[in-house]
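A look at the structure
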There are 2 protein chains.
Amino acid sequence: MANITKKVSWSSRADESAAAGESTPLLNGSEQPQHSRQDSLRGRPKEIPHNEKLLSLKYESLDYDNIENQLFLEEERRMSYMGFRCLEISRWVVCGLIGILTGLIACFIDIVVEQLAGIKYQLIKENIEKFTETGGLSISLILWAVLNFTFVMVGAIIVAFFEPIAAGSGIPQIKCYLNGVKIPRVVRLKTLVIKVCGVICSVVGGLAVGKEGPMIHSGAVVAAGVSQGRSTSLKRDFKIFEYFRRDTEKRDFVSAGAAAGVSAAFGAPVGGVLFSLEEGASFWNQMLTWRIFFASMISTFTLNFVLSIYHSHAGDLSNPGLINFGRFEGDSVTYNLYEIPLFIAMGAIGGFLGALFNVLNYWLTIFRIRYVHRPCLQVMEAMLVAAVTATVSFTMIYFSNDCQPLGPESTEEYPLQLFCADGEYNSMATAFFNTPERSVRSLFHNQPGTYNPLTLGLFTLTYFFLACWTYGLAVSAGVFIPSLLIGAAWGRLFGILLASTSSGGAQHSNAIWADPGKYALIGAAAQLGGIVRMTLSLTVIMVEATGNVTYGLPIMLVLMTAKIVGDYFEEGLYDIHIKLQSVPFLHWEAPATSHWLTAREVMSSPVTCLNRIEKVGTIVDILSNTSTNHNGFPVVVQVLESDEPAKLCGLILRSQLIVLLKHKVFVELARSRLTRRKLQLKDFRDAYPRFPPIQSIHVSQDERECMMDLTEFMNPTPYTVPQETSLPRVFKLFRALGLRHLVVADDENRVVGLVTRKDLARYHLGKHGLEELQLAQT
Amino acid sequence: MANITKKVSWSSRADESAAAGESTPLLNGSEQPQHSRQDSLRGRPKEIPHNEKLLSLKYESLDYDNIENQLFLEEERRMSYMGFRCLEISRWVVCGLIGILTGLIACFIDIVVEQLAGIKYQLIKENIEKFTETGGLSISLILWAVLNFTFVMVGAIIVAFFEPIAAGSGIPQIKCYLNGVKIPRVVRLKTLVIKVCGVICSVVGGLAVGKEGPMIHSGAVVAAGVSQGRSTSLKRDFKIFEYFRRDTEKRDFVSAGAAAGVSAAFGAPVGGVLFSLEEGASFWNQMLTWRIFFASMISTFTLNFVLSIYHSHAGDLSNPGLINFGRFEGDSVTYNLYEIPLFIAMGAIGGFLGALFNVLNYWLTIFRIRYVHRPCLQVMEAMLVAAVTATVSFTMIYFSNDCQPLGPESTEEYPLQLFCADGEYNSMATAFFNTPERSVRSLFHNQPGTYNPLTLGLFTLTYFFLACWTYGLAVSAGVFIPSLLIGAAWGRLFGILLASTSSGGAQHSNAIWADPGKYALIGAAAQLGGIVRMTLSLTVIMVEATGNVTYGLPIMLVLMTAKIVGDYFEEGLYDIHIKLQSVPFLHWEAPATSHWLTAREVMSSPVTCLNRIEKVGTIVDILSNTSTNHNGFPVVVQVLESDEPAKLCGLILRSQLIVLLKHKVFVELARSRLTRRKLQLKDFRDAYPRFPPIQSIHVSQDERECMMDLTEFMNPTPYTVPQETSLPRVFKLFRALGLRHLVVADDENRVVGLVTRKDLARYHLGKHGLEELQLAQT
């Protein structure tokens, strides 16, 4: 089963990633696992009982801490004030580019989806109209199913066979990335291309999905690409932005990209910034926040501008975002104090339904991990879902007899007459026979009485299960819009029922009760909040998408209630998926009851240390040791001619050693060839981020006897903590500074252990108090 | 002059604060100043050349780092999971209470101001109407001036004589507090009372001030009070929330309070959260952010609810906030692409005018620091300003001949007919003869043509200088509303000029150009942004106050332009005032060109260390040494029977030592009296935050010979850095964790120095590269 887990995990091609040297775990310490107390406790079992009780050793950590070695400090000290100004300006330029590109991608997706969906629905509509009279609607059904089938098949094939990481919305992956976990291939150009094509296919294919979630992933990829000034996939290096080729800077830009994605998806620049901060920030920096804000703003602006030209009222910038909730204006906007308890009740319902959704999806995902792990099976499942979705939709429309008059100012895009009288249309079809974005809008804004309660009830029920089944398929798709749609449907139903209950009693309040659109909005917020469990950023996103702050307060209340109720049952959807991947995700704070743990218990030990002047052979052997596969090595110095223990003097990373070995920076060679170019920071930046594996570096037997001087390259001032430091304190230091390795030293400044991400992520609060996750090599 | 600076500084009563033991500086190190290289460099001059080139040693630092000593850890370990849940719940309860109380205070201010201003304007209006016909308007002027005079006098007297820290908006002080600087008396109940009364007096007194800024300060005081569960001023201890009696928790609640204040002032809960984060956060914590959000939400809600009852349409919650920009609806809301450059130009104008405002106010403040430092002089200046304001307003109205017809749907509260024909009113009076909030709203929403350009131009000019003169007076008052008013006036003027220019040319665009209200809004944003230089939070606040996100993008652009242009000339207004107070304020990052500095250069040394078991006499002597007045002492341990140097084993604070001395926790006494109660964390909490000065603790000659064991009370795991650590790295650690003392240790773990706030705040980027501020005992 360990193998199965590997198969369907986000970074599913273990063979490839191993070859690329990307699967090296974070762990340092445990040099001789059999002797270590720690390891016997954490032993890696062959059989994996439950995925979510494990912590994978597969994921590397990002380093948010600058490696301030001599090379770096020399470069910084050489740089003038103007140099820093230029750097700052280029950061703004990069953010601007990120915004523009993200906006353009959003436009592209939107326009292509609109066009293709338009063609599809037109085709089916004509077909249905043709066969409604003559009988033979089964042909229409088949046409519909086949069209969906084809689109989804294409979408699923490219995702399952070419880039499995492009599946889903990408939000859990970006969340992990921003948290500091390196998810292989998540920010590559290829992923972006597959994601964009995949999302177009799945939305046009009529699945219960949205195109908004994937925008966040797309924005992040754009940011990672643009900020590095090169593309490894295209083998182009523009020789610009070289300064930004390190984890610290890249992660900042990826935050901006994610924010730009949210901003483009919902027309919510502030919401985007808050999303990035809520999900990613460890240390809030004002300048960074402003740059993120700038990228978001540009992204919305670009999208808005291009779409305004496309919709041929060029220059009108008042309607940003891929999804637009339409205007809530006039009397329907106000709400009253006695509606607040109702809103809170809706929040509770949303929290409950969201938790139900998450539990069902959790079981489904476990099932998928066990049985649906081959790409061809995944494609078949996606096609099955497509066919079922089409059939269910058709059946629902077919058996619905909710006919509504087609008014002159009706905004229906594809009104289906079907068995309705002339001048009328089938109301169920408005919900099913439409892109989900349009359905949401019509639920928000259609006149009272446009839907009858039965239609809404049936729609909620079917769409709920369809959406739940769809999330986690091997297609690129977001869960935002389906959640909004489910919520809008039951919210509207709630509103209608409320109006019919109260209309018997007090007549005066009729004007307020009578507007079901308001309740649809609140329901949508409740359902979405119940599923994803974001509060602050989601409130702002919803407010920005409605274009009206009046609903700010009820939306906040609803989202908070939904979160509290939902958390009682089950975690948020994204957190479930992160847990199922056994990612060493660091939360905001250490578990509350972990004060009795200290660095001594938490750390990995003994630690593989290097001497400041170390034999090449030793280094190669340590790096080649696949059983440990450490990434960071404390550097120690032995006091000359004394038997005192070695003292910590620095920290060096595997990636740095690899570069040093590649360039053969050996003491002996430096002496013999004085003209040899000194190794520069540029050499490290050129190799970033895909450092070659140690196996690809040839070191001759003679060279093995040479010595390497690490003084210049190591970080001479790594952060250290004493052994007695409590876990919350270690956690705070680690999280606030975004560290990758934290050295534990005794009071003689000797290395006694090393704390890495997985050492901290291991502890979590379960139902029976503090639990310790097992580590696994999956 | 040092004395003068002391007189008018925020904490202006040096005598009192010295007695209360609050003026102890942050500095540790420099035990023998005359021998230290560091100190000869930083020598404290008698004469102070320029205030802003100094860093005051007067301000203490807050400790955002928990003191994890044995007592604390024992308590945490004893606490069950349920205990932590209860704590979490009580945090939410406290935030709810903060929200409710802040909302109620806002209501109180609003209602009292409305009532008093109503009476005042009605009185003057009747008087003017009486004398317009008969001649003798000078009597009206005198009436007006005397009324203003009286109110302002009362406001100035209570501020200048009873609580000088209540002057101004309080935002710079709260900014400092959230940054980690302890400003004496800033969060006391007395300050709140004076602030509330003061702001009512100054707004009713007709000064060019707003009541919004002070709400932020009020919210912060409420938070500090509620979260501690007691009031020292009222001598009441409710014995609740004792866990929260430390800097870490208190600062979190003060963030929530400030956010609740913003939220109540502008009806902007999200803006409030962002304000708190932009100004205060060092480490973004999700749970904390949600609590802050909750407090903001409750505060808006409370205000809204109470005001809806007051305005007798109870239950309508759609109009939150003290200032309400009114609804921007219909055609006037849209804007077009070609307006964007205009908006940016307006942003630039705003930035320039803002910088001008700040420069003028800076000179004025320097003048005030030098010459207007006695309370009675301050009161006289305030009264002078009040009289001048009334006279100027009256003159402007008197000589204005801008008569406008009084339509049936006119919203004027106090239309002044004066010399206008019947059925008309004086347009200049709408701007001057009104509370500033109403004036802003009428500039935003009145029909095109309500103001003629000359009126607006003259109004902008006079109000600009009045507002500039007013800010910094010894009255409680905010600068938000005057800024908005100035901006709205010139923005509207800009719009009118634009309409008249373009109406000659293209007729088709008339509909868009013709709405001056839109330009008034943009102008208001530009001017406010140019003065205070906030971007993200201000954007959200403006958007929430207008109740419409359509203007989000232009407002962002405008604020960003205003900031960039303004920063070119001069800093933001709050930063100027912080600098003039020589507060050791830590910015987000170390200066860019500071990589050549290391901890060795930055730190204070030598450091006064204590032994783990130390003689009481030594401790008392060290604490009593007024020339050094250290606050934190590294604790070292001597290896027994060896001549090795002492090693660092902990850190203890002055406040802890004081409590220990007070309770006579001596080794000898513990042996003799076994039944003696063990010192608990509660004893430290009871003494927080006003620890008695060392002088008030009596230690007999016998007791001086006793020993004190610090093991249990010191923080055994203080953060340390090696001497080679670069300044940016030290800065990052210090800022991200909100430290107060950072020990610099060598590789034998011996203490070589101590880094405190002022050591880091000293370095800043001036016009000639990195500059070092001098330290002064002012």
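Residues numbered from 1 in each chain as written. Chains lettered and ligands numbered in written order. Predicted model: local features only at pLDDT ≥ 70, side-chain atom pairs only at ≥ 80, totals over all residues. Heavy atoms only, no water.

So, the pattern of salt bridges
Opposite charge on two side chains lets them pair, provided their charged atoms get close. Where we set the bar: The salt bridge criterion pairs a side-chain nitrogen of Lys or Arg with a carboxyl oxygen of Asp or Glu, the two atoms within 4 Å. A run of DSSP states H or I qualifies as a helix once it reaches four residues; a run of E qualifies as a strand once it reaches two. Both are numbered from the N-terminal end. Only protein chains enter the accessibility calculation, which uses a 1.4 Å probe. A residue is then buried if its area is under 20% of the maximum for its type, exposed if over 50%, and partly exposed in between.
Tallied over the full model, the rule gives 61 salt bridges over all chains. R185(A) is the partner of E163(A) in a salt bridge, and the nearest nitrogen-oxygen pair spans 2.9 Å. Taken together, the residues span a long stretch of sequence, with E163(A) in the loop between α6 (137–162) and α7 (171–179) and R185(A) in the loop between β3 (181–182) and α8 (189–204) at a distance of 22 residues. Of the residues examined, E163(A) reaches a relative accessible area of 2% and is grouped as buried. In this structure R185(A) comes out as buried when scored by relative accessible area, which is 6%. Linking K563(B) and D567(B) is a salt bridge whose minimum nitrogen-to-oxygen distance equals 2.9 Å.

Side note on the packing of aromatic side chains
Which entries qualify depends on this criterion: Two rings belonging to Phe, Tyr or Trp (six-membered ring only in the last case) form a pair when the distance between their centres is within 6.5 Å. Interplanar angles under 30 degrees mark stacking, angles over 60 mark edge-to-face geometry, and anything in between is tilted. Note on geometry: a ring has a charge over it if NZ (lysine) or CZ (arginine) is within 6 Å of the ring centre and within 35 degrees of the ring normal.
One pass over the structure, following the stated rule, counts 44 aromatic pairs over all chains. Aromatic side chains F494(A) and Y519(A) sit 6.2 Å apart centroid to centroid with 40° between the ring planes, which places their arrangement in the tilted category. Here the residue F494(A) occupies a position in helix α18 (residues 480–504), and Y519(A) occupies one in helix α20 (residues 516–532), the gap between them amounting to 25 residues. Both residues of the pair, F494(A) and Y519(A), count as buried. Through pairs of rings, three or more aromatic residues link up here, namely Y121(A), W144(A), F394(A), Y398(A), F399(A) and F433(A). The ring of Y121(A) has K120(A) lying over it, and the distance from NZ or CZ to the ring centre is 4.6 Å. Positioned above the aromatic ring of Y243(B), the side-chain terminus of R246(B) is 4.6 Å from the ring centre.

Here's the deal with the relation of the copies chain A and chain B
What relates the two chain copies is a rotation about an axis together with a slide along it. The cut-off we apply is this: Overlaid copies result from least-squares superposition on C-alpha atoms, with residues included only where pLDDT is at least 70 in both. We call two residues contacting when some pair of their heavy atoms lies within 4.5 Å.
Overlaying chain A on chain B yields an RMSD of 0.1 Å, the required transformation being a rotation through 180° with an accompanying axial translation of 0.0 Å. Viewed as a symmetry operation, the transformation between the two copies matches a two-fold axis. The overlap is high: 100% of the interface residues of chain A also sit at the interface in chain B, so the same surface is used on both sides.

A few points about the side chain of Q723(B)
Residue and element names in this part refer to chain B. To keep it simple, the criterion reads: For the purposes of these results, a polar contact is taken to be a pair of N or O atoms within 3.5 Å, where, inside protein, one atom must be able to donate a hydrogen and its partner to accept one; residues adjacent in sequence count only when each atom of the pair is a side-chain atom.
With respect to the secondary-structure elements, Q723 resides in the loop between β13 (720–722) and α30 (727–737). Side chain to side chain, Q723 and R600 meet in a polar contact 3.0 Å long. Among residues more than four places away in sequence, those in contact with Q723 are T598, A599, R600, V744, A745, D746 and V752.

Re the sheet that holds strand β15 (residues 751–756) of chain A
Residue and element names in this part refer to chain A. Counted only if it meets this: One requirement defines pairing of two strands: DSSP has to find at least two bridges between them. Working convention: axes come from line fits to C-alpha atoms, limited for helices to the stretch in contact. Angles between N-to-C directions cover 0 to 180 degrees.
With mixed pairing, the 3 strands of this open sheet are ordered in space as β13-β14-β15. Among the strands making up the open sheet, the edge pair consists of β13 (720–722) and β15. Averaged over neighbouring strand pairs, the angle between their axes works out to 35° when direction is ignored. On top of the sheet, helix α30 (residues 727–737) reaches β13, β14 (741–745) and β15; it is set at about 145° to β14, its chief contact.

Notes on the environment of E601(A)
Residue and element names in this part refer to chain A. One can find E601 in helix α24 (residues 599–602). Judged by relative accessible area, which is 33%, E601 ranks as partly exposed. Considered as a pair, E601 and V699 are 98 residues apart in the sequence and their alpha carbons are 38 Å apart. A polar atom in the side chain of E601 sits 2.8 Å from the backbone nitrogen of T598.

A few points about the interface of chain A and chain B
Which entries qualify depends on this criterion: Computed with a 1.4 Å rolling probe, the buried area is the accessible surface lost when two parts are put together, summed over both parts. Note on residue categories: nonpolar means Ala, Val, Leu, Ile, Met, Phe, Trp, Tyr, Cys or Pro, charged means Asp, Glu, Lys or Arg, and polar means any other residue, Gly included.
Taken together, the contact between chain A and chain B spans 88 residues of the former and 89 residues of the latter. Counting the surface lost from both chain A and chain B, the interface buries some 8000 Å², and carbon and sulfur atoms represent 67% of this. Counting every contact that joins chain A to chain B gives 4 salt bridges. Here R729(A) and D65(B) are joined by a salt bridge, their closest N and O atoms 3.1 Å apart. There are 18 residue pairs in polar contact (both at pLDDT 80 or more) connecting chain A and chain B. Mapped onto the side of chain A that touches chain B, the elements with two or more residues apiece are α4 (70–78), α5 (81–134), α11 (269–280), α12 (286–310), α21 (536–546), α22 (552–569), β13 and α30 of chain A. When grouped by side-chain class, the residues that make up the side of chain A that touches chain B number 45 nonpolar, 25 polar and 18 charged.

Examining the pairing of β15(A)
The element β15(A) is largely enclosed, with a buried count of 5 among its 6 residues. The antiparallel pairing of β14(A) with β15(A) creates a hairpin that spans 5 residues between the two strands, and N749(A) there sits at a positive phi of about 65°.

Considerations on the UniProt feature "domain: CBS" (unreviewed entry) in chain A
Stated formally: UniProt positions are given in the numbering used here, feature names are shortened, and annotations may be inferred rather than shown by experiment.
In this numbering, the UniProt entry assigns the feature "domain: CBS" (unreviewed entry) to residues 714–772 of chain A. End C-alpha atoms of residues 714–772 of chain A are separated by 33 Å, and the span's content is 27% helix alongside 37% strand.

Here's the deal with a nonpolar patch on the surface
We count it as follows: Each patch is built from salt-bridge-free residues with over 30% relative accessible area, joining like charges within 9 Å and nonpolar side chains (Val, Leu, Ile, Met, Phe, Trp, Tyr) within 5 Å. Here the Shrake-Rupley method, with its probe set to 1.4 Å, supplies the accessible areas, and only the displayed protein chains count as covering residues.
Residues I89(A), V93(A) and L97(A) make up a contiguous nonpolar surface patch of about 240 Å² in total accessible area. Assignment of secondary structure puts V93(A) in helix α5.

Notes on the packing of α6(A) against helix α14 (residues 375–399) of chain A
Residue and element names in this part refer to chain A. Short version of the rule: Any angle from 65 to 115 degrees is called roughly perpendicular, while one under 35 is roughly parallel, one over 145 is roughly antiparallel, and all others are oblique. Crossings are classed by handedness, with left-handed meaning an anticlockwise turn of the near helix from the far one by less than a right angle and right-handed meaning a clockwise turn.
Direction vectors running N to C along α6 and α14 enclose 150°, while the axes themselves pass 8 Å from each other. If you check the angle between α6 and α14, you find them roughly antiparallel. The hand of the α6/α14 crossing is right-handed. Split by residue class, the contact of α6 with α14 holds 22 nonpolar, 5 polar and no charged.

Overview of the sheet that holds strand β10 (residues 632–637) of chain B
Residue and element names in this part refer to chain B. Ordered in space as β8-β10-β11, the 3 strands form an open sheet in which the pairing is mixed. A single partner strand is all that each edge strand has here, and the edge strands are β8 (610–611) and β11 (647–653). As paired elements, β8 and β10 share 2 bridges and run parallel to each other. Its bridge partner lying in β10, L610 is registered against V635. In this fold helix α26 (residues 654–662) packs onto β8, β10 and β11, with an angle of close to 75° to the strand it touches most, β11.

Section: unusual backbone geometry
Residues S605(A) and P606(A) are joined by a peptide bond in cis, for which omega reads -5°. Within the secondary structure, P606(A) sits in the loop between α24 and β8 (610–611). Geometrically, the link from Y688(B) to P689(B) is a cis peptide bond, its omega value of -10° lying close to zero. Although it is not a glycine, K664(A) adopts a positive phi angle of roughly 50°. Examined against the element boundaries, K664(A) turns out to sit in the loop between α26 (654–662) and α27 (667–672). A residue is classified by how much of its surface remains accessible, and K664(A), at 21% relative accessible area, is partly exposed. The backbone of S582(B) sits at a positive phi, close to 55°, despite the residue not being glycine. With respect to the helices, strands and loops of the structure, S582(B) is situated in the loop between α23 (573–580) and α24 (599–602). By relative accessible area, S582(B) is classed as buried at 3%.

Let's talk about the pairing of strand β16 (residues 763–766) of chain B
Inspection of the sheet shows β16(B) paired to strand β17 (residues 769–772) of chain B by 4 bridges, in the antiparallel sense. Bridge pairing in β17(B) places G766(B) opposite G769(B).

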